[in-house]
Amino acid sequence: MLFNSWGYLLFLLLVVPLHWSLGGPRLRLWLLVAASIGFYSMWRWEFSLLVLFSACVDYVAAGRIAASESPGIRRRWLAASLGVNLGLLVAFKYTYFIYDNVRLLASAGGTDLPALQDLGLRIVLPLGISFYTFQTISYTIDVYRRVIPPTRSLVSFLCYVTFWPQLIAGPVLRAGEVIPQLEARRIFRARDLWLGFGLVVVGLFKKVVLADGLAPMVDDAFARDPADLNALDVWVAAFLFGFQIYFDFSGYSDVAIGSARMLGLVFPRNFDWPYLATSPREFWTRWHISLSSWIRDYLYAPLTGRPFHTRSVGGIGEATRSDPSRRHTALLLTWFIMGLWHGAAWTFAVWGLYHAALILLYRAVPVLAAFPERRPRLAWMLLLPLTMAGWIPFRAQSLEQALTLMGHLIDPRAYRIAGHAVPLGAYLWAGIVLAAMLAIHAILRRDHRSPFPAWARSVAATAATAVMVCAILVCLRAAKQFIYFQF
Amino acid sequence: MRARTPISWVSVPVGVGLGLGLLVVLAHWQRDFVADELGLGLQTYSFRAVDASGEPISGDASDAPALAGRLRSQRRAGRTTALWLGASQLHAVNRPGPEPRLAVAVAEQRARERGGDVAYTQLSLPNAGPLELLAVYQAFREPPTRPDRLVLALTYDDLSEIALRDSVVALLDAARPDLAGASGTGSGPEAILARARAQAARERSEPPAAPVERSAIAGTPQERLEQSLVATLEALWPAYAERHSLRSAGVAAWKLPLTSLVFRLRGRPIQRIDPRARAVSEQALRALIAQTRSDGVALLVYEAPHRPDAERFYHDRDAYDAFHAEIAAAASREGFAHLDLERLVPAETYGLTDQFLPDVFHFREEGHRLLGSAIDRWFEERGH
């Protein structure tokens, strides 16, 4: 089910009151599992069985791991869990990608292989498989690492895996953060309910008004022949897509976190003004924090031998003291995998490696490394375009398009004022959104230092809610899915 | 420094309630806004004209049967029938008064008042180029609807329009069913229309070049749920049903001024007429001239008025002037009448486009009065 739909608002209207009307935590858990399966089945019910299968595998595997003191048995169960989860992920998400590359290599060698579609194979990517796979993997690894004990209650575990606010596109939370809250006797508080709903409103506004409002300009820019675009056009397209994906994904996260809050569950924030970061490392402590924290603890930490964390906060930006060459290799490998996790295409791998290269550059050049502390504003002005340029391969339809567009950015001849192909309205909107972001951040920061009177804050919040609700009602339509659904 | 005080949760339910109320108020305020009219320019609306007896004297392709009926009845009454074809200028009025009068109504009334025998009937289509005007003429060229005179309002920028819209295809199919499926070779009117007809059929059957936006929930149970919820809300909540118009009004009020600001800073972009489109249009115009001559229908071609103080609009004025010089030369060569009305209507009677730029083509009632009078004066001078 899409969040940006009347169906979802009706779903909340039914499930939240029903949840609070039930007395015990166990009944509530069953309700949440049933509601989550119903939520998922509004897309395709048969794939909810896959989610349940994946959850059951990890429930059993984690139980066996915890029950055994034998390192060999524990490793075997961990391998079984990882094998099943990653096997399903690879089968559903990467079969076409792998086969297409094999086909390409075979073709270079003079052998023509038929396309998978021609062989009658049609694979549907189950919604959210990348996200719930990461959740179930983290649970089994945490039990293996003895970070958490396995949960005895199957319904608690099912609820953790299938819990609808996080099922489709995260945040990717740890069992240790969610299951204790699910099992606790939560008390209804009007404050949680309404502030949670307020966050749902903010998230929907970001999605249906801002992200979907920018989408046509982005689609238009990336649909054009790259040869027609000059460098300024490419910058505008990159900035607009950077804003679109931010509003889209942080909007999704806000709705998810707000929906959980309406049920009395507190999830950590997933975005923290990422475009105000002054270094690549800082960016990844602000963007999709739960995912980058997951990558940090379950991929980067094992590769570098550094200690891991037990919570999905902090992102991947923390320094580590391991051997530099091992760190660099781990970094490249981590970001390569991170890129491919986002999508089964080389463009995503390029996006991942681009970020790895940025981090390495900042590590290697002392001036750049010191820049964020000494000259934070200049550091921001340098990093923002670098970050936005990184979105080009992410959005491009092919590697060729991505490389051509990025080539424009470093080609001095492409910097010509005349002959732009992207409409000037798009230039204007890119500037407006950037200026609005800085203005809102400045107001909120000022507000934090020297608070306005409580009544003024409440009036402003009320007015903002009213405007957002009205705009959502005008713009809401369930046609546009969230960008991260494809992952 | 004081600690930051949290926002009161009461702000959210109150804000939600106010947001719902705001939608109702805005929908009521914008209830007369018609998004489709925005294409004509701000506060420019389309109208149909009727004569003193209430009979329609103007319309679009869907009104062709009624207009044909008028041509028949006026012919039976012994009047000289004039069919007036053109683009949106003929049916659009900027900032209309309570009872706006189109140029055709002005001409009709003037003819009646002076005792002239001419009866005007107008059919106009937004951005109608010579090809569509040729197609429309087919619906009236067989007796008894064949007019005595054909008045053509020509404008240079509509030479780029070489597609037949569905309503014109329907009109053409009714008038010339033999053209559907015809091969369309040569430069005669039948061949030109057969090619255009075949192209329209191809475009209708082919998927559009741009990918159709498919709903992310297409084919899922949520799609059915969403459709029924939206339908129920629209039925029960009129303000919600108005959301599309409200959105368009919002765009007009907020987004377009910003875009126009850019245009003001760097000037209006000049469009280019594709030479192939121009060739097709000019061929259609030649065919229409030849066909009226063979039908014995006297032809009057006039340059549609444009805002006189604008040197640069959809195209450079020089391009308009050059085109109309060609038409004037053709008129004297081929013996049809030509009238230069390009600077007839003063600048102050024009409105604003949907991008808050000066509208160079649609004017207010005063412009219609001037245009209708000019056309009828031309007929008066020729004894009608």
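Residues numbered from 1 in each chain as written. Chains lettered and ligands numbered in written order. Predicted model: local features only at pLDDT ≥ 70, side-chain atom pairs only at ≥ 80, totals over all residues. Heavy atoms only, no water.

K.L.:
Help me understand the nonpolar core in this model?
P.N.:
For soluble globular proteins, the rule of thumb is that nonpolar side chains tend to be buried together. Core analysis: the largest hydrophobic core is formed by 157 residues, its most contacted members being W164 and Y275 of chain A. Counting residues per element, this core draws most heavily on helix 10 (residues 231-262) of chain A, at 18 residues. The residues that make up this core include at least three from each of domain 1 (6-188) and domain 2 (192-486) of chain A. Once you skip the residues sitting within four places of it in the chain, W164 of chain A turns out to touch F3, Y8, F11, L12, V15, L32, A35, S36, F39, S259 and L263 of chain A. L133, L150, V169 and I273 of chain B belong to the second largest nonpolar core, which has 48 residues in total. (Core = buried A, V, L, I, M, F, W, Y, C linked by side-chain atoms within 4.5 Å. Buried < 20%, exposed > 50% of the residue type's maximum accessible area, 1.4 Å probe, protein only. Helix = DSSP H or I, 4+ residues; strand = E, 2+ residues; numbered from the N terminus. Domains from an automatic or database assignment. Contact = heavy atoms within 4.5 Å.)

K.L.:
Would you mind going over the sheet that holds strand 5 (residues 118-124) of chain B with me for this structure?
P.N.:
The pairing of strands in a sheet comes from backbone hydrogen bonds and takes either a parallel or an antiparallel form. Residue and element names in this part refer to chain B. Pairing within the open sheet is parallel, and its six strands lie in the order 2-5-3-6-7-8. The two strands at the open ends of the sheet, each matched to only one other strand, are strand 2 (58-59) and strand 8 (337-340). Pairing between strand 7 (residues 298-303) and strand 8: four bridges, direction parallel. Its bridge partner being in strand 8, Y302 is matched across the sheet by L339. (Pairing = 2+ DSSP bridges.)

K.L.:
Looking at this structure, how should I read the domain arrangement of chain A?
P.N.:
Often, the extent of an interface is quoted as the loss of accessible area on bringing the components together. Residues and elements named next belong to chain A. Once the domains are mapped, chain A shows domain 1 (6-188) and domain 2 (192-486). Between domain 1 and domain 2, the residue contacts involve 40 residues of the former and 44 residues of the latter. Between domain 1 and domain 2 the total buried area reaches about 3,800 Å² when both faces are included, carbon and sulfur atoms providing 70% of it. When the buried surface of domain 1 facing domain 2 is broken down by residue, F97, R145 and R174 rank first, second and third, together holding 17% of it. (Buried area = accessible area lost by both parts, 1.4 Å probe.)

K.L.:
What exactly am I supposed to notice about a nonpolar patch on the surface here?
P.N.:
Residues and elements named next belong to chain A. Together, V90, I98, V102 and L113 line one region of the surface with nonpolar side chains, adding up to about 280 Å² of accessible area. Position of V102 among the secondary structure elements: in helix 4 (residues 71-108). Given the relative accessible area of 41%, V102 is considered partly exposed. (Patch = residues over 30% accessible without salt bridge, like charges linked within 9 Å, V, L, I, M, F, W, Y side chains within 5 Å. Areas by Shrake-Rupley, 256 points an atom, 1.4 Å probe, with all protein chains shown as cover. Salt bridge = Lys/Arg side-chain N within 4 Å of Asp/Glu carboxyl O.)

K.L.:
Even after reading the chapter, I still don't get the environment of S228 of chain B, so can you show me in this structure?
P.N.:
Residue and element names in this part refer to chain B. As for its position among the elements, S228 is in helix 7 (residues 221-236). S228 sits in the partly exposed class, given a relative accessible area of 38%. Within the structure, S228 has its side chain in polar contact with the backbone oxygen of L225 (distance 2.8 Å). (Polar contact = N/O pair within 3.5 Å; in protein donor to acceptor, adjacent residues only side chain to side chain.)

K.L.:
Can you walk me through the side chain of T140 of chain A in this structure?
P.N.:
All names here are of chain A. Relative to the assigned elements, T140 resides in helix 5 (residues 129-144). Judged by its relative accessible area of 0%, T140 falls in the buried class. When neighbours within four sequence positions are excluded, T140 is seen to be in contact with D58, A61, I65, L78 and S81.

K.L.:
Explanation requested: the pairing of strand 6 (residues 149-154) of chain B in the structure shown.
P.N.:
A regular strand carries its side chains on alternate faces of the sheet. All names here are of chain B. Within strand 6, six of the six residues are buried, which leaves the element mostly enclosed by the surrounding structure. The alternating pattern of strand 6 places R149, V151 and A153 and L150, L152 and L154 on opposite faces, both of which are buried. In this sheet, strand 6 lies alongside strand 3 (residues 80-86) in parallel orientation, the contact comprising four bridges. The residue of strand 6 that forms the bridge with L85 is L152. Judged from the six bridges that link them, strand 6 and strand 7 form a sheet pairing that is parallel. Looking at strand 7, one finds that L150 is bridged to L299.

K.L.:
Explanation requested: the environment of Y252 of chain A in the structure shown.
P.N.:
When you line up the elements, Y252 of chain A lands in helix 10. Taking C-alpha positions, Y252 of chain A is 26 Å from I187 of chain A, a pair spaced 65 residues apart along the chain.

K.L.:
Would you explain the packing of helix 15 (residues 366-374) of chain A against helix 16 (residues 376-395) of chain A in this entry?
P.N.:
The relative placement of two packed helices comes down to the angle between their axes together with the axis-to-axis distance. Residue and element names in this part refer to chain A. Two numbers describe how helix 15 lies on helix 16: the axes approach to 6 Å, and their chain directions differ by 125 degrees. Put simply, helix 15 runs oblique to helix 16. On helix 16, the residues touching L368, F371, P372, E373 and R374 of helix 15 are P376, L378, A379 and L382. Taken together, the residues of the contact of helix 15 with helix 16 break down into seven nonpolar, no polar and two charged. (Axes fitted to C-alpha atoms, helices over the stretch in contact; angles between N-to-C directions. Parallel < 35°, antiparallel > 145°, perpendicular 65-115°, else oblique. Nonpolar A, V, L, I, M, F, W, Y, C, P; charged D, E, K, R; others polar.)

K.L.:
Quick question: what am I supposed to make of helix 4 (residues 130-138) of chain B here?
P.N.:
Think of an α-helix as 3.6 residues a turn; residues three or four steps apart then line up on the same face. Counting buried residues in helix 4 of chain B gives nine out of nine residues, a clear majority hidden from the surface. Looking at helix 4 of chain B, one finds that the buried residues are P130, L131, E132, L133, L134, A135, V136, Y137 and Q138 of chain B.

K.L.:
Explanation requested: the packing of aromatic side chains in the structure shown.
P.N.:
The relation between two aromatic rings is expressed through the spacing of the ring centres and the mutual angle of the planes. Residue and element names in this part refer to chain A. Taken as a whole and assessed by the stated rule, the structure comprises 55 aromatic pairs over all chains. Aromatic side chains W294 and Y298 sit 4.9 Å apart centroid to centroid with 40 degrees between the ring planes, which places their arrangement in the tilted category. Of this pair, W294 and Y298 both sit in helix 12 (residues 289-304), separated by four residues, roughly a single helical turn. Judged by relative accessible area, which is 7%, Y298 ranks as buried. The aromatic ring of Y144 is capped on one face by R74, whose charged end is 5.1 Å from the ring centroid. The aromatic ring of W341 is capped on one face by K93, whose charged end is 5.3 Å from the ring centroid. (Phe/Tyr/Trp six-rings, centres within 6.5 Å; stacked < 30°, edge-to-face > 60°. Lys NZ or Arg CZ within 6 Å of the ring centre and 35° of its normal.)

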